[in-house]
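Okay, here's what each chain looks like letter by letter:
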Amino acid sequence: MLSVALWSYGQSRTVTGTVTDDKNELLPGATIMVKGTSTVTSTNIKGAYSINVSDENAILVVSFVGFDNLEVKVGKQSVHNIQLLQQSKTLSDVVVTGYQTQKKADLTGAVSVVDVKELKKMPNNNPIQALQGRVPGMLIYTDGSPSGSNVNILIRGISSINGTNPLYVIDGVATTAGMHELNPNDIESIQVLKDASSASIYGSRAASGVIIITTKKAKKGELQVNANARRSYSFYESKLNVLDAEGYGKAAWQASANDAIAYGGSPLSSYLIYQFDWKQNANGTYSLNKINIPEYIDPAKTMKTANTDWFKEISQTGISQNYDLSVAHGTDKGSSVFSMDYTDNQGIVKTTDFKRISARMNTDYKLINDKLLIGENFTASTTQEVQGNTLNAALQALPVIPVHTVDGIGWGGPYGGMNDRQNPVRLLEDNKQNHYNYLRLFGNAFADLEVINGLHLRSSLGIDYGNYTMRNMQLAYVSGYLNNPINQVTMTNSNTTKLTWTNTLDYKRIIGKHSIDVLGGFEAYKENNLDFSASRQGFASEDPNYMYLNAGTGLKDNGGGASEYRLLSYFGKVNYVYNEKYLASATVRYDGSSRFGTNNQFGLFPAFSVGWRINNEDFIKNNVRFISDLKLRYGYGKNGNQDNIPATASKTLYATNYNGTSYNFSGSGSGNLPSGYQIIQRSNDDVKWETTTQSNLGLDFGFLEQKVFGSVDVFVKKTSDMLITPAYIAVIGEGGNRTVNGASLENRGFEFLIGYRGRIASKVDFEVTGNIATYRNKFTSLPAEVVNSYGGNGTGDNILGHAVGSGYGYVADGLFTTTDQVLTSADQLGKGLGRIRYKDLNGDGVINEKDQAWIFNPTPDYTYGVNFNFSYKGFDLTMFFQGVGNQQINVQDIKSATDFWSVSETGSNKGTRLLNAWSVSNPNSTIPALTLTDRNNESRFSTYYIENGRYLKLRNLQIGYSLPKNLLSKIKASNFNVYVSGQNLFTIKSKSFSGVDPEIPSYGYPIPTMITTGIKVAF
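Residues numbered from 1 in each chain as written. Predicted model: local features only at pLDDT ≥ 70, side-chain atom pairs only at ≥ 80, totals over all residues. Heavy atoms only, no water.

- Looking at an unreviewed UniProt entry, one finds the chain named TonB-linked SusC/RagA family outer membrane protein, with Mucilaginibacter gracilis as its source organism.
- Recorded in UniProt under Subcellular location (unreviewed entry), the annotation for the chain is "Cell outer membrane".
- Under Sequence similarities (unreviewed entry), UniProt gives the following word-for-word description of the chain: "Belongs to the TonB-dependent receptor family." (UniProt positions renumbered as here; feature names shortened; annotations may be inferred.)

Okay, structure coming up:
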């Protein structure tokens, strides 16, 4: 849309105007260039511009990030007020795919381009956590630890039993180290390479997928300053309900009463410090009249009897704060970005805390008539974390024990026959000074020379250096009858240096309807690891400023080690496009690793892919105009795995063993003897790469000018030659361990993504994006010597044909609720009323190990995510839901403590579910009757411990407001946004799930609910 002022005829002159969006909001920083010349300018903070043109035939090319470019013929007008339209879809966007860039429209592999803007709405310290539910086929397991470092990623299933985490490539430098040390605000783009045809350029390190991260570069124009601040409050969504002091006594007595009815005898009259007043009823059952608890636990009266809620005592409202500042400036000859980040996240478990300070500098400069580009991408970060998770201890600690002794100083603890579980609060308080410090230096320096037009020679030297230090102070303590009078300090230091030298030659050429991009290169990688630790006992003071090794007077110890491995690679890739319709790509990588035997040190990893942009065919363009994008693609290739394999997998290893190898050569019969060595692993020069072969068929689509967009993919992924260390028979003698290839896996899956963007009543813009994915995996082969090492009956019923992580056990068939059931059922040692009844699968009338089957498969039916975005004037609303379909989860760790008195930790506290256990007076309960002794062997793995772990979570709900352009101009800002958001606000889970959070079914660090407020300002 143009508004026009007449201009008298003439030649060279000045054209002025403003640039706005389709809502008439001014766009500061828009670029205006005279087509075919080097004349360029940009709009100021008021969205205005002024530019000189040669004549009325000049054409202005106007561009702004996120908007479609617009060409305007100058004509005879002196004023051009220009309105840009937001890009409907980023088919023309350039994405990084591994040593190269491609237009998204030309991709033939399975590549997911992540909307980074949506990720930054999540207050995650680890940006990878924010990917959960956003990339179809990418399953992320995590917890609520303050650092966000506990992340396990599956891309298209399980690629290896030796590890599944993908390779990260940040600004061209590959790494597998933690992403929680990276400032999320530094990220410009993320691409996930999911299939072999897209990831094979990384060869032996790409079997589990590749995540490519590109950090921010400055845009040409005025100086840009961005500042962000946020503060979050976190708390439990729900907690595990455990017995209070009275409930614990009731459960103990009820267990004894049940045993008295079933096996004879009388219920307990006392237990620990409890005294029970009970009576026998006329029908032979027993009733508890009263529980008496003494005022003090111990005769010395140092600990008053309490009713401690240990979960409450170890919990707090977590507070997280983050501050980020960046300064960027770009010119025709170079650009620079500098950013700093400070994060402090106090967890919901007391004393746990994570701190991060990071700084980044990205620069580039053009030299030699813009033919040579040199630059660097470098970040330095220091992190500090106090780790601690005492949820298990909080469940087991008895509620009658106080936190402190009566003087308020000493620690409460067990007395007499109480269990020997530690005071959870003491564990946290005595650990709060034990934080690690980690320094990480990461980045690269590069030079890119344009040798001739279209031919670029690039060299990059990357470094990933980490230095870990920790001083662990073990304090002396007295906690009831538990005590340790000896204090100790252990100091640990380790450092890792990873160097990557990459050299590539890339040639791009367009000849008529033909577009070709040819890449060749080689890469050398070297990794050195060094670690050292030392400890000392006996410190006169426990002041942290005093507790260093040289201040101790007691026993001391030390240890350490080192390792190194190297990787040498040659690779090439060709991308070809004909007439923007027919696409092809071929890749090959040849990797050599020091981790493998001399006979198989190198591996070849080829791949190819093809694509057909059907929408560019005349029969579609001329007849089916609502189709704006339709691309069919197929890819096939091989990747390898070697990052999760020990550096010594092919080597013969020896170890010192004083007790087993020392010998009295001198015959003195006293003193220290010379120690020898014993072999612990035998070499295997034939050990080789794990290889993953994958084929992928995909379809990308877009309709109604990309208002509707999406993709669908199906894949088959097969992994062979997985490395395992089989057991060996005793006759071989010592050193029988030997790493061999042999196991094979198969994954098959389906992925679907769809989105819609539009406008309601010409005022409210919205976008809805959803994805769903599923996969199935199974073992397809195992060496004969280990075929029964992964479960099964030891004969023919093994894990072959079953999924990784499958479990073998008994089928629970409810409880025995009538005497007739007990008498007529199969022979089962320990059976009785209220006990678990197991199915007689082989029908021989006896319940034994022959009645086991494959009962557990941890693979979810499907995973999904849905994101909603709405905007109205300056207001914006985001809702993001993430979920997992039906999946079996193993809850034995938790359920053995919430549903049983005697299965594990008999003297420990239990969950409140025990109070609803089966009894004669509560015959409809599905929880086994309480008993003091596990006569029925209910600790055996069975379907009783398998539950449905499906869930749907509201991961993020955010409401924000941005000031309009006219107000921004008054404060000389380009953006001012405030927002409030909530994370993990609710969870919908299966009614049959008995735990707290199906995402963390065991004792992992709880995932909290969070409320976040923040501000974003740009100048």
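So much for the structure itself; the text now carries on.
Some details on the UniProt feature "domain: TonB-dependent receptor plug" (unreviewed entry) in the chain
Then step 1. The residues that UniProt annotates with the feature "domain: TonB-dependent receptor plug" (unreviewed entry) are residues 104-210.
Then step 2. The annotated region residues 104-210 carries 7% helix and 27% strand content, and the separation between its end C-alpha atoms amounts to 17 Å. (Helix = DSSP H or I, 4+ residues; strand = E, 2+ residues; numbered from the N terminus.)

Topic: the confidence of the model for the chain
Then step 1. The predicted model of the chain averages 90 in pLDDT, with 95% of residues at 70 or higher.
Then step 2. The element-level mean pLDDT for the chain is lowest in strand β1 (residues 4-6), coming to 37, with strand β45 (residues 836-838) highest at 97.
Then step 3. Segment residues 1-10 is flagged for pLDDT under 50; beyond a separation of four residues in sequence, or across chains, it makes 24 contacts in the model. (pLDDT = per-residue confidence, 0-100. Contact = heavy atoms within 4.5 Å.)

What to know about the environment of Ala445
Then step 1. As for its position among the elements, Ala445 is in strand β27 (residues 436-452).
Then step 2. Here Ala445 falls in the partly exposed class, since its relative accessible area comes to 43%.
Then step 3. For the pair formed by Ala445 and Asn369, sequence separation is 76 residues and the distance between their alpha carbons is 20 Å. (Buried < 20%, exposed > 50% of the residue type's maximum accessible area, 1.4 Å probe, protein only.)

Some words on the sheet that holds strand β22 (residues 286-292)
Then step 1. Pairing in this open sheet of three strands is antiparallel, and the strands run β20-β21-β22 from one edge to the other. Both edges of this open sheet fall to β20 (270-271) and β22, since each of them pairs with a single strand only.
Then step 2. Where helix α3 (residues 245-263) meets the sheet, its contacts fall on β20, β21 (274-280) and β22, and the angle it forms with β22 comes to roughly 150 degrees. (Pairing = 2+ DSSP bridges. Axes fitted to C-alpha atoms, helices over the stretch in contact; angles between N-to-C directions.)

As for α3
Then step 1. The end-to-end C-alpha distance of α3, which contains 19 residues, comes to 27 Å, matching closely the 27 Å that a straight helix rising 1.5 Å per residue would cover.
Then step 2. Gly264 occupies a position one or two residues after α3 and carries a positive phi of about 95 degrees. (Expected span 1.5 Å × (residues − 1).)

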